[in-house]
Structures are given as C-alpha cells and as structure tokens.
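# Fold and contact review
Next come the chains, spelled out residue by residue.
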Amino acid sequence: MSQSPKDPGDVRGAIEAGRRHHDMGGRDAGPVDRSQHAHDPWENKTDAILRLLADPARGPVMRIDELRRGIEEMGPGIYDELSYYERWIASIATILMEKGVLTADEIGRKIEDVRARHADAPPRREGFGGGTR
Amino acid sequence: MSAAAHATSAPFAPGDRVRVRTAFPPGHVRTPHYCRGHEGVVERLCGHFPNPEELAYGRVPTAPCALYRVRFPQRALWPDYAGPAADSVEIELFDHWLEAVE
C-alpha cells in the first residue's frame with residue numbers, strides 16, 4: 001500500500017503481481033474528493049445512452065459487464081486521464097464497434113459534424129470533460 | 001448437470017471456511033486482487049447469477065453461478081490495519097473462485 005496507482009513505476013510491479021491496473025482496492029490513492037458537483041449535460045446523456053443500450057427490452061444491445069471490460073482494457077494512462085463518464089463513452093464506442101452496431105468511420109464522421117457545429121462556440125472550460133472521476 | 005440443477009447448486013453453506021483461489025487470469029474478473037489466496041467464512045448465499053466473466057465478452061452462459069458473500073478479518077487482508085481486531089470486510093465472490101478449507 002505504499003505506491004500510488006498513478007505512479008508509472010508501479011505498472012511493472014502490478015503486472016508481475018497479476019494485478020490489473022483498474023483493480024486498485026486498498027492501494028494508496030491520495031485524498032478523496034468529497035465535493036459535490038453537477039453533471040454536465042453530456043454526462044447525463046452518456047448515462048441515458050448506456051441505460052438504453054443495456055435495457056433487456058432492446059436485446060440488450062450491450063451489457064454493463066461489457067462496459068466494465070472496455071474500461072478495464074484501457075490500461076494505465078488512459079484509464080487515469082479520463083473522467084468517469086469519459087471512460088463510459090469511450091468504452092461504449094469500443095463495444096458498439098466490436099458488435100458491428102457502429103463503424104469507426106461512422107463515429108469519426110459524426111465527431112467531425114459535431115466539431116463543425118460547435119466551431120464558433122468558445123470552450124466552456126479546460127479540456128472537454130467534467131470533473132467527474 | 002442440467003441448467004436447472006445447476007441453478008440451485010450451492011456447494012458452500014453459511015459458516016463454511018473457504019479460501020479464495022490464488023489465480024491471476026486475464027480478462028474481466030470481479031474478484032478483487034487483494035483477497036486472492038486469503039481465507040474467509042461464507043456469510044450467506046446471495047443467489048445465482050450469470051457469470052460476469054462470460055457476459056463481459058458478449059456470451060450469455062446457460063448455467064448461473066452461485067454467488068456468496070464471504071467475510072474476512074480486516075487484519076488478515078491488511079497487516080497494517082489499525083482498527084479494532086473484530087473488524088471485517090465482506091466481499092461477494094462467485095463459486096468458481098472459492099475452495100473449501102479443511
């Protein structure tokens with residue numbers, strides 16, 4: 001319990017111990033941020049998208065277990081850099097591509113459309129994610 | 001064993017001593033790293049659920065797995081635990097991660 005999970009030097013040790021990066025239970029992680037915050041609209045939308053995709057009435061298209069697997073496979077680095085709902089939407093995209101629901105090209109073109117639509121809007125804050133971890 | 005028989009099969013009972021397998025598979029597993037290899041006591045059978053290790057890859061298992069809540073002494077898991085000796089932690093673990101302690 002001596003090293004932070006974000007310590008790059010810890011990655012090799014974790015692999016040798018058979019511990020995957022996301023499996024951080026009991027490890028030092030610094031102070032806990034207990035501040036309350038509102039979710040950004042895109043975070044609410046991400047939550048809604050997952051609920052719809054995981055609804056048994058729709059198949060389900062994907063399961064929460066697949067969402068978790070996609071997040072866990074990000075590994076050190078990306079896993080730490082992304083906020084909570086950024087991890088969700090990135091994993092949802094990966095799983096939907098795996099399942100043939102969406103293609104990388106479709107997602108890429110949609111991202112371009114959205115960027116163009118918001119080209120004139122000033123960024124509301126640093127980066128594009130909320131503070132949610 | 002038929003799926004129906006499997007759905008009610010529960011090899012362990014509350015009070016049984018069990019050890020978490022010392023295994024480090026790749027893929028999506030729900031057994032925390034910190035409890036592997038440790039001994040605990042079955043607190044209850046939570047029910048039978050499809051194996052998340054299969055669901056994570058888009059496969060739906062036909063036979064649900066028994067899920068147990070297992071109690072471990074905090075001090076067994078964390079040698080430097082500073083709280084009361086009676087403190088415990090309970091972890092929900094699937095049948096295939098547990099072995100009987102004689």
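The model shown is predicted, which means the values in this text are computed figures rather than measured ones.

## Some thoughts on the overall build of chain B
The number of helices and strands found in chain B is three helices and five strands. The 102 residues of chain B split such that 36% are buried. Contacts in chain B between residues far apart in sequence, at least 24 positions, make up 59% of those at least 6 positions apart.

## With respect to the pairing of strand S1 (residues 17-20) of chain B
Residue and element names in this part refer to chain B. The side-chain alternation of S1 yields one buried face, formed by Val18 and Val20, and one unburied face, formed by Arg17 and Arg19. Pairing of S1 with strand S2 (residues 39-49) involves three bridges; the strand directions are antiparallel. Of the residues in S2, the one forming a bridge with arginine 19 is glutamate 39.

## Regarding helix H6 (residues 104-117) of chain A
With 14 residues, H6(A) ought to run about 20 Å at 1.5 Å a step, and its terminal C-alpha atoms sit 20 Å apart, in line with that. Along H6(A), only one of the 14 residues are buried, which leaves the element largely exposed.

## Re the interface of chain B and chain A
Each side of the interface is counted separately: chain B has 17 residues, and chain A has 15 residues. Of all residues in chain B, the largest losses of buried area upon contact with chain A belong to His28(B), His33(B) and Leu55(B), amounting jointly to 33% of the total for that side. The residue Arg36(B) makes a salt bridge to Asp23(A) at a minimum N-O spacing of 3.7 Å. Put simply, chain B and chain A have five residue pairs in polar contact (both at pLDDT 80 or more) between them. Partitioned by chemical class, the residues of the side of chain B that touches chain A number nine nonpolar, five polar and three charged.

## Concerning a nonpolar patch on the surface
Residue and element names in this part refer to chain A. Together, Met97, Val101 and Leu102 make up a nonpolar patch on the protein surface, roughly 220 Å² of accessible area in all. Residue position: leucine 102 is located in the loop between helix H5 (84-98) and H6. Of the residues examined, leucine 102 reaches a relative accessible area of 32% and is grouped as partly exposed.

## Quick notes on the confidence of the model for chain A
Residues and elements named next belong to chain A. Mean pLDDT over chain A stands at 86; residues scoring 70 or higher make up 84%. Residue range residues 1-6 is modelled with pLDDT below 50. Its contacts to residues more than four positions away, or to other chains, number 16 contacts. Confidence over residues 127-133 falls short of pLDDT 50; this stretch has 23 contacts with residues more than four positions distant or in other chains.

## Description of the pairing of S2(B)
By the bridge criterion, seven bridges tie S2(B) to strand S3 (residues 65-73) of chain B in an arrangement that is antiparallel. In the sheet register, Val41(B) faces S3(B), and the bridge partner there is Arg71(B).

## Examining the environment of Arg30(B)
By secondary structure assignment, the location of Arg30(B) is in the loop between S1 and S2. In this structure the C-alpha to C-alpha distance between Arg30(B) and Leu93(B), which are 63 residues apart in sequence, comes to 7.5 Å. Aside from chain neighbours lying at most four places away, what touches Arg30(B) is Arg68(A) and Pro52(B).

Procedures and definitions
Residues numbered from 1 in each chain as written. Chains lettered and ligands numbered in written order. Predicted model: local features only at pLDDT ≥ 70, side-chain atom pairs only at ≥ 80, totals over all residues. Heavy atoms only, no water. Helix = DSSP H or I, 4+ residues; strand = E, 2+ residues; numbered from the N terminus. Buried < 20%, exposed > 50% of the residue type's maximum accessible area, 1.4 Å probe, protein only. Contact = heavy atoms within 4.5 Å. Pairing = 2+ DSSP bridges. Expected span 1.5 Å × (residues − 1). Buried area = accessible area lost by both parts, 1.4 Å probe. Salt bridge = Lys/Arg side-chain N within 4 Å of Asp/Glu carboxyl O. Polar contact = N/O pair within 3.5 Å; in protein donor to acceptor, adjacent residues only side chain to side chain. Nonpolar A, V, L, I, M, F, W, Y, C, P; charged D, E, K, R; others polar. Patch = residues over 30% accessible without salt bridge, like charges linked within 9 Å, V, L, I, M, F, W, Y side chains within 5 Å. Areas by Shrake-Rupley, 256 points an atom, 1.4 Å probe, with all protein chains shown as cover. pLDDT = per-residue confidence, 0-100.

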